[in-house]
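Listed below are the residues making up each chain.
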Amino acid sequence: MTAKVLEVQNLKKYFPVKTNLFGRGTEFVKAVDGVDFHINSGEILGLVGESGSGKTTTGRTIIRLLDPTEGEIIFDGQDITNIRKKDLRKTYEQMQLVFQDPFASLNPRKKVGNAIEEVLYVHGMKDRAQRRERVFELFDMVGLRGEEDKYPHEFSGGQRQRVVIARALAVDPKLIICDEPVSALDVSIQAQIINLLMSLKNRLGLSYLFISHDLRVVKYMSDRVAVMYLGKIVEIAPAEELFKNPAHPYSKALLSVVSGAGSGRKKKKIILEGEVPSPVDPPSGCRFRTRCKYATELCSEIEPQTKCLGDEHYVSCHLY
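Describe the packing of aromatic side chains, and please don't skip the residues or the numbers.
Inspection of the entire model under this criterion finds 4 aromatic pairs. Centroid distance tyrosine 14 to phenylalanine 28: 6.2 Å. Interplanar angle 45°. Geometry classified as tilted. One end of the pair, tyrosine 14, is in strand E1 (residues 4–19); the other, phenylalanine 28, is in strand E2 (residues 25–40), and 14 residues separate them in sequence. The ring of tyrosine 121 has lysine 126 lying over it, and the distance from NZ or CZ to the ring centre is 3.9 Å.

And the structure:
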């Protein structure tokens, strides 16, 4: 049985938008509202959904850049949900984050090699010669051999993302959370970074949570895919199965825009009517019911339970 590197149970993250006289929240943005999933060792789990669905908040809560409101985060067998930020160093040796904008996550006043050396020093590598050797190894690994003594502005966008990936690899993590890692890059450069991530995954036995709105990239990268809508995961399945036979009405609409997502027959694009409801006051019952042509009275009264359709294919919908 494959070991789970990450297990998330009933994860919630609420942001207060109104407070009372005592400073306590009275209204909240329910950015993540009861999310369950796991990532196996050596697996890539894709996380997709519209803007505002809660994808990025999920990733940042898992790595504890944001404190969860409720739920459990089990990483490598350890519950890290309530560990204090100052005690998370050992966790960050095993779990890293690659941001969407590499330039914003690099110090413009530091040479990139020195920035990675600093990471190694903080995590216990005190010998400078050993740190330099590790930096040379990392830059060679990401295709930037001999570029360690440059500043961030001297690199292209794709090269900066390679630097960020090298920094993430510095402490030999087991899991990397990739938050839209190629969306800010040109298409040709995207392919290079994607191939680099895949190569590193196979070489080092990494696991990824791959967050993206680009369904074609997710289809290529992922072993399994989770579809998120308004703070909830509505469907999760092996990538090939999901793109061939999406079950949830939202998944069908989302994937209908991807050429070749179905079984080979040309599929008509499904245009969703209406706007995404406010996460401050989400619909009762099924979150998607206000935009779903199959919605019934039951959908407005009872939140659908997650059902297994077989072969690790799960869906939350009253149609099943």
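Lay out the sheet that holds strand E9 (residues 224–229) with the relevant residues and their values.
On the basis of which strands lie adjacent, the open sheet formed by 8 strands has the order E6-E7-E8-E3-E9-E10-E12-E11 and mixed pairing. In this open sheet, the two strands that pair with only one neighbour each are strand E6 (95–98) and strand E11 (306–310). The average undirected angle you get between the axes of adjacent strands in this sheet is 20°. Sheet topology note: the E9/strand E10 (residues 232–238) ladder contains 6 bridges and is antiparallel. Looking across to E10, one finds that valine 227 is bridged to glutamate 235. The sheet strands contacting helix H6 (residues 187–204) are strand E3 (44–48) and strand E8 (207–211), and the helix crosses E8 at an angle near 155°.

Any chance you could break down the pattern of salt bridges for me, citing the residues and the numbers?
It is possible for side chains of opposite charge to pair when their charged atoms get near one another. What the rule picks out here adds up to 20 salt bridges. With a shortest N-O distance of 3.8 Å, arginine 128 and glutamate 117 are connected by a salt bridge. Linking arginine 128 in helix H4 (residues 128–141) with glutamate 117 in helix H3 (residues 112–122), this pair joins segments that are 11 residues apart in sequence. On the basis of relative accessibility, which here comes to 49%, the residue arginine 128 falls in the partly exposed class. In this structure, arginine 134 engages glutamate 137 in a salt bridge whose closest nitrogen and oxygen atoms are separated by 3.3 Å. A residue pair is termed a helical-turn pair when its members lie 3 or 4 positions apart in one helix, as arginine 134 and glutamate 137 do in helix H4 at 3 residues.

An account of unusual backbone geometry is needed here, citing residue identities and associated values.
You will see that aspartate 76, though not glycine, has its phi angle at about 50°, which is positive. Here aspartate 76 lies in the loop between strand E4 (70–75) and strand E5 (78–79). Judged by relative accessible area, aspartate 76 falls into the partly exposed class, the value being 39%. Although it is not a glycine, aspartate 172 sits at a positive phi angle of roughly 55°. Residue placement: aspartate 172 occurs in the loop between helix H5 (157–169) and strand E7 (175–179).

The rules behind each value
- Residues numbered from 1 in each chain as written.
- Predicted model: local features only at pLDDT ≥ 70, side-chain atom pairs only at ≥ 80, totals over all residues.
- Heavy atoms only, no water.
- Phe/Tyr/Trp six-rings, centres within 6.5 Å; stacked < 30°, edge-to-face > 60°.
- Helix = DSSP H or I, 4+ residues; strand = E, 2+ residues; numbered from the N terminus.
- Lys NZ or Arg CZ within 6 Å of the ring centre and 35° of its normal.
- Pairing = 2+ DSSP bridges.
- Axes fitted to C-alpha atoms, helices over the stretch in contact; angles between N-to-C directions.
- Contact = heavy atoms within 4.5 Å.
- Salt bridge = Lys/Arg side-chain N within 4 Å of Asp/Glu carboxyl O.
- Buried < 20%, exposed > 50% of the residue type's maximum accessible area, 1.4 Å probe, protein only.

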